[in-house]
Amino acid sequence: MPAPVINIDGEWGLKLRPQTIQVRQGEDYIIRCTVREGVKRTAKNLTAGSVRFLVGVTPSSGDEILKITGGGVTIPVGTDGVANITIEDTDTGDLEGTFFHEVEAIDSDGSTQVVAFGRFVVAVSLFLSLSAAQQLGIAKDAGDKFGMVIEDTFVVS
């Protein structure tokens, strides 16, 4: 099954508005950022340009997730202004809660701009995986039944 696509808007030279990206821990996603510029919001030409995607604990902190062109970011057709950012299951496997993201675009002239920013929320699955259950000591192998109580509901895996 292909990874779900999350669409966000990138703004080059325009006022940015925060955008929230919500993902589930340990799952694959494609974040499609379409960068537009000017009052007419035409596609920004990213041919011979690059894009960086950063997720951090605070807006100015280090990189929990870092993706760059050629390393998790692709620009399929530069003139379309689209950058596809691949989030792999391992990128969010150890993350939980609310973080911050930024998308930075660099055009062919070397001009750099943050084109999107906002919250990056990693939701934890309500169902425990076998490995999580093993770490908690409530299951030893795949044959074990395990579960947990969530607001008076017992969930069995």
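Structure shown above.
Residues numbered from 1 in each chain as written. Predicted model: local features only at pLDDT ≥ 70, side-chain atom pairs only at ≥ 80, totals over all residues. Heavy atoms only, no water.

**Q** I'm lost on the overall build of the chain in this one. Help?
**A** Across its full length, the chain holds two helices and twelve strands. Reading the chain from its N end, one meets helices and strands in the order β-β-β-β-β-β-β-β-α-β-β-α-β-β. Evaluated residue by residue, the chain yields a buried proportion of 32% over its 157 residues. Counted over contacts in the chain with a minimum sequence separation of 6, partners at least 24 positions apart contribute 60%. Of the roughly 9200 Å² of accessible surface on the chain, a fraction of 51% belongs to carbon and sulfur atoms. (Helix = DSSP H or I, 4+ residues; strand = E, 2+ residues; numbered from the N terminus. Buried < 20%, exposed > 50% of the residue type's maximum accessible area, 1.4 Å probe, protein only. Contact = heavy atoms within 4.5 Å. Areas by Shrake-Rupley, 256 points an atom, 1.4 Å probe, with all protein chains shown as cover.)

**Q** I would appreciate a short explanation of the pattern of salt bridges in the present structure.
**A** When the charged atoms of two side chains with opposite charge come close together, those side chains can pair. Scanning the entire structure with this criterion turns up seven salt bridges. In this structure, the salt-bridge partner of Asp9 is Arg17, at a minimum N-O distance of 2.9 Å. Taking the relative accessible area as the measure of exposure, Asp9 reaches 28% and is therefore partly exposed. In this structure Arg17 comes out as partly exposed when scored by relative accessible area, which is 47%. Between Lys44 and Glu37 there is a salt bridge, with the nearest N and O atoms lying 3.6 Å from each other. Judged by its relative accessible area of 9%, Lys44 falls in the buried class. Here Glu37 falls in the partly exposed class, since its relative accessible area comes to 26%. If you follow the salt bridges from partner to partner, you end up with Glu37, Lys44 and Asp107 in one network. (Salt bridge = Lys/Arg side-chain N within 4 Å of Asp/Glu carboxyl O.)

**Q** Before we go on, may I ask you to explain the packing of aromatic side chains in this structure?
**A** What characterises a pair of aromatic rings is the spacing of the ring centres plus the angle enclosed by the ring planes. Across all of its chains, the model carries one aromatic pair by this definition. Relative to Phe120, the ring of Phe53 lies with its centre 6.2 Å away and its plane at 65°, an arrangement referred to as edge-to-face. Placement of the pair is Phe53 in strand 5 (residues 50-56) and Phe120 in strand 10 (residues 112-123), with a sequence separation of 67 residues. The pair formed by Phe53 and Phe120 is uniform in burial state, with each residue classed as buried. Above the ring of Trp12, the side-chain terminus of Lys44 is found at 4.2 Å from the ring centroid. (Phe/Tyr/Trp six-rings, centres within 6.5 Å; stacked < 30°, edge-to-face > 60°. Lys NZ or Arg CZ within 6 Å of the ring centre and 35° of its normal.)

**Q** Just to check I follow, could you spell out the nonpolar core for this structure?
**A** One recurring pattern in soluble globular proteins: nonpolar side chains tend to sit buried together. Ranked by internal contacts, the top residues of the largest apolar core, which has 26 residues, are Ile21, Ile31, Phe53, Val103 and Phe120. At the level of elements, strand 1 (5-12), strand 2 (21-24), strand 3 (29-37), strand 5, strand 8 (82-87), strand 9 (97-106) and strand 10 are the ones that each hand at least two residues to this core. Not counting residues up to four positions away in its chain, the partners in contact with Ile21 are Ile6, Ile8, Ile31, Phe53, His101, Arg119, Phe120 and Val121. (Core = buried A, V, L, I, M, F, W, Y, C linked by side-chain atoms within 4.5 Å.)

**Q** Would you explain the environment of Phe117 in this entry?
**A** For Phe117, the position within the fold is in strand 10. Through-space distance from the C-alpha of Phe117 to that of Gln19 is 6.1 Å; in sequence the pair is 98 residues apart. Those residues within four positions of Phe117 in sequence are excluded, and the remaining contacts are Leu16, Arg17, Pro18, Gln19, His101 and Glu102.

**Q** What's the story with unusual backbone geometry in this structure? I'm lost.
**A** Of all residues except glycine, most have a negative phi; of all peptide bonds, most are trans. Here Arg41, not a glycine, exhibits a phi torsion of approximately 55°, which is positive. Summarising the element assignment, Arg41 is placed in the loop between strand 3 and strand 4 (42-43). Located in the positive-phi region is Ala48, a residue other than glycine, with phi close to 65°. Locating Ala48 in the fold gives a position in the loop between strand 4 and strand 5.

**Q** What should I look at first to understand the pairing of strand 3 in this one?
**A** Regular strands have side chains that alternate between both faces of the sheet. Direction of pairing for strand 1 relative to strand 3: parallel, over a ladder of eight bridges. Among the inter-strand pairings, Asn7 is bridged to a residue of strand 3, identified as Arg32. The sheet contact formed by strand 3 and strand 8 spans six bridges and is antiparallel. Paired with Cys33 across the bridge in strand 8 is Ala83. Pairing of strand 3 with strand 4, which is carried by two bridges, proceeds in the antiparallel orientation. Along strand 4, the bridge assignment pairs Arg36 with Ala43. (Pairing = 2+ DSSP bridges.)

All quantities given are derived from atomic positions and should not be read as evidence of function.
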